[in-house]
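Summary of the model geometry
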2 protein chains.
Amino acid sequence: MRLSDSIESFIKTLLSQEETEVELKRNELAEYFGCAPSQINYVLATRFTLDDGYVIESRRGGGGYIRIVRVVESGQQRLAYLINERIGTAISEEEAVRLLGQLAQQQVVTVHEAEIMRAAISSQALAIPVPDQMKDALRARSLKSMLTAVARQNREA
Amino acid sequence: MRLSDSIESFIKTLLSQEETEVELKRNELAEYFGCAPSQINYVLATRFTLDDGYVIESRRGGGGYIRIVRVVESGQQRLAYLINERIGTAISEEEAVRLLGQLAQQQVVTVHEAEIMRAAISSQALAIPVPDQMKDALRARSLKSMLTAVARQNREA
DNA sequence: TCAATTCTGACTATCTTTGACCAAAACAAG
DNA sequence: CTTGTTTTGGTCAAAGATAGTCAGAATTGA
């Protein structure tokens, strides 16, 4: 059993059934597993990504922490499909607007929320000197990030 | 719980209900929390800034005091200030998160909306290979675009 | 063997707390 | 009034406490 796998399981156990988030101290966890603290970052970076349905928050300094939030129930939510399949790694503004319109119509999000998301990824917002390709990638990331937030809110509601 | 967090809560409790301002003695408060007096200044500087919606006044010498005033502003005023003056052409994720938290707390936007906006401009969302400078510029554009959408919705409502 | 994955450690970034020294206001004595 | 003393609050730099990053070493699996 790899160290990374052990740490992954450990965290996922803490996140089991009821609990949807855990807060831990990087150094303590590293101590517990007898490894370098940066190993924890590696595990988080490779096994608790947005695409995996997790969001990581942290703070440095005294009283610092790492918080891991599970936002998508494996495979069962509709948003999970959108986040992982339909949007993918790049999406055009037109496609995104169409998608948001559908979500609003299906009342997955409010009209206000859809408008905000649309504003976030409008060509005006993305008017920076990078290739269109990169803008589409950026739009996909931002959109997925926002929908993940929505999924999290739905779950908490 | 961090000392700073305790002091912050304590002050916010004093300000919570009807009161829009409190006056206190720096040394007494420090004594109460068993910390260095300058710790109080640290808390004020990091958690009671103008961005957070507070104004600090103080006097030295006999009978000296520190007065913390919670500023009240209309949602539209606040949005206009952020869009036209505060955000500018670049903003870091940390600053943006602080501003969004404040907007939610002042109920200019809902917590859901704030979370969505936060997600839109998080570093996770902006993880593309461009210089940080450009990310900050992008974040500013996207944020202003979203806040403009919110302002428009308010007007139409 | 060799490429991908895992792991580590040195260096960096950020947040908190403290303490020494500074500045201003009030007060008291002359 | 003027000046010295006392009482406050302010500033800043340094130390302490965490977490993040990244290049390269170690390991693993094909």
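Scoring rules and cut-offs
Residues numbered from 1 in each chain as written. Chains lettered and ligands numbered in written order. Predicted model: local features only at pLDDT ≥ 70, side-chain atom pairs only at ≥ 80, totals over all residues. Heavy atoms only, no water. Pairing = 2+ DSSP bridges. Helix = DSSP H or I, 4+ residues; strand = E, 2+ residues; numbered from the N terminus. Buried < 20%, exposed > 50% of the residue type's maximum accessible area, 1.4 Å probe, protein only. Salt bridge = Lys/Arg side-chain N within 4 Å of Asp/Glu carboxyl O. Arc of directions from axis to C-beta. Contact = heavy atoms within 4.5 Å. Axes fitted to C-alpha atoms, helices over the stretch in contact; angles between N-to-C directions. Domains from an automatic or database assignment. Buried area = accessible area lost by both parts, 1.4 Å probe. Core = buried A, V, L, I, M, F, W, Y, C linked by side-chain atoms within 4.5 Å. Expected span 1.5 Å × (residues − 1). Near = heavy atom within 4 Å. Polar contact = N/O pair within 3.5 Å; in protein donor to acceptor, adjacent residues only side chain to side chain. Nonpolar A, V, L, I, M, F, W, Y, C, P; charged D, E, K, R; others polar.

Attention now goes to the pairing of strand β2 (residues 54-59) of chain A. All names here are of chain A. In the sheet, β2 pairs with strand β3 (residues 65-70) via 6 bridges, with the strands oriented antiparallel. From the neighbouring strand, Y54 faces β3, where its bridge partner is R70. In this structure, the hairpin formed by β2 and β3 is closed by a connection of 5 residues, where G61 is found at a positive phi of approximately 75 degrees.

What follows concerns unusual backbone geometry. The phi torsion at B:Q107 lies on the positive side, around 60 degrees, for a residue other than glycine. Here B:Q107 lies in the loop between α5 (93-105) and α6 (111-120).

Turning our attention to the pairing of strand β3 (residues 65-70) of chain B. Residue and element names in this part refer to chain B. Within β3, 5 of the 6 residues are buried, which leaves it mostly tucked inside the rest of the structure. Relative to β3, strand β1 (residues 21-24) is paired through 4 bridges, and the arrangement is antiparallel. By the bridge assignment for β3, E23 is matched with R67.

For the rest of this paragraph, the subject is the pattern of salt bridges. When the charged atoms of two side chains with opposite charge come close together, those side chains can pair. Throughout the structure, instances matching the rule amount to 25 salt bridges over all chains. We note a salt bridge from A:E57 to A:R67, for which the minimum N-O separation is 3.3 Å. Of this pair, A:E57 sits in strand β2 while A:R67 sits in strand β3, placing them 10 residues apart in sequence. As far as the burial class goes, A:E57 and A:R67 line up, both buried. The residue B:E8 makes a salt bridge to B:R47 at a minimum N-O spacing of 3.0 Å. Of the two residues, B:E8 sits in helix α1 (residues 3-16) while B:R47 sits in helix α3 (residues 37-47), which places them 39 residues apart along the sequence. Residue B:E8 is classed as buried on the basis of its relative accessible area, which comes to 18%. By relative accessible area, B:R47 is classed as buried at 10%.

Here the focus is α3(B). Among the residues of α3(B), B:I40, B:V43, B:L44 and B:R47 are the ones counted as buried. All buried residues of α3(B) lie within an arc of 100 degrees about the axis, which places them on one face of the element. Residues of α3(B) that are buried sit in contact with β2 of chain A together with α1, α2 (26-33), β2 (54-59) and β3 of chain B.

As a further point, take the sheet that holds β2(A). Remark on secondary structure: sheet strands pair via backbone hydrogen bonds, oriented parallel or antiparallel. Residue and element names in this part refer to chain A. Here we have 3 strands laid out as an open sheet, ordered β1-β3-β2, and antiparallel in their pairing. Sheet topology places β1 (21-24) and β2 at the edges, where each strand pairs with a single neighbour. Within this sheet the neighbouring strands show an average axis-to-axis angle of 15 degrees, counted without direction.

The next thing to look at is the domain arrangement of chain A. All names here are of chain A. We note that the domain assignment places domain 1 (3-70) and domain 2 (75-156) within chain A. Measuring from the centre of the C-alpha atoms in domain 1 to the corresponding centre in domain 2 gives 27 Å. Across the contact, 8 residues belong to domain 1 and 7 residues belong to domain 2. Here domain 1 meets domain 2 over a buried area of about 610 Å², counting both sides, of which 42% is carbon and sulfur. At the surface where domain 1 touches domain 2, the tally comes to 2 salt bridges.

Right, let's talk about the nonpolar core for a bit. Counting 45 residues, the largest nonpolar core has A:L143, A:M146, B:L143, B:M146 and B:L147 as its most contacted members. When contributions to this core are tallied by element, the ones reaching two or more residues are α5 (93-105), α6 (111-120) and α7 (132-156) of chain A together with α4 (75-86), α5, α6 and α7 (132-156) of chain B. Every residue in contact with B:L143, bar those within four places of it in the chain, is listed here: B:I87, B:I91, B:A96, B:L100 and B:I121.

Turning next to α1(B). All names here are of chain B. Compared with the 20 Å implied by 1.5 Å per residue over 14 residues, the 20 Å span of α1 between its first and last C-alpha is a close match. Among all positions of α1, only S4, D5, I7, E8, I11 and L15 are buried. Projected down its long axis, α1 carries its buried residues within an arc of 165 degrees, all on one side. Of the surrounding secondary structure, the elements contacted by the buried residues of α1 are β1, α2, α3, β2 and β3.

All right, on to the protein's contact with DNA strand C then. By nearness alone, 26 residues border DNA strand C, and A:S4, A:S38, A:Y42, B:S4 and B:Y42 come closest of all. The contact atoms of DNA strand C, taken as those within 4 Å of the protein, divide so that sugar and phosphate hold 62%. A:S38 is positioned with one of its side-chain polar atoms (N or O) 2.5 Å from a base oxygen of DNA strand C. Taking B:R60, its side chain carries an N or O atom lying 2.8 Å from a base nitrogen of DNA strand C. Elements that contribute at least two residues to the surface near DNA strand C include exactly α1 (3-14) and α3 (37-47) of chain A together with α1 and α3 of chain B. In the surface near DNA strand C, the residues fall into 8 nonpolar, 10 polar and 8 charged.

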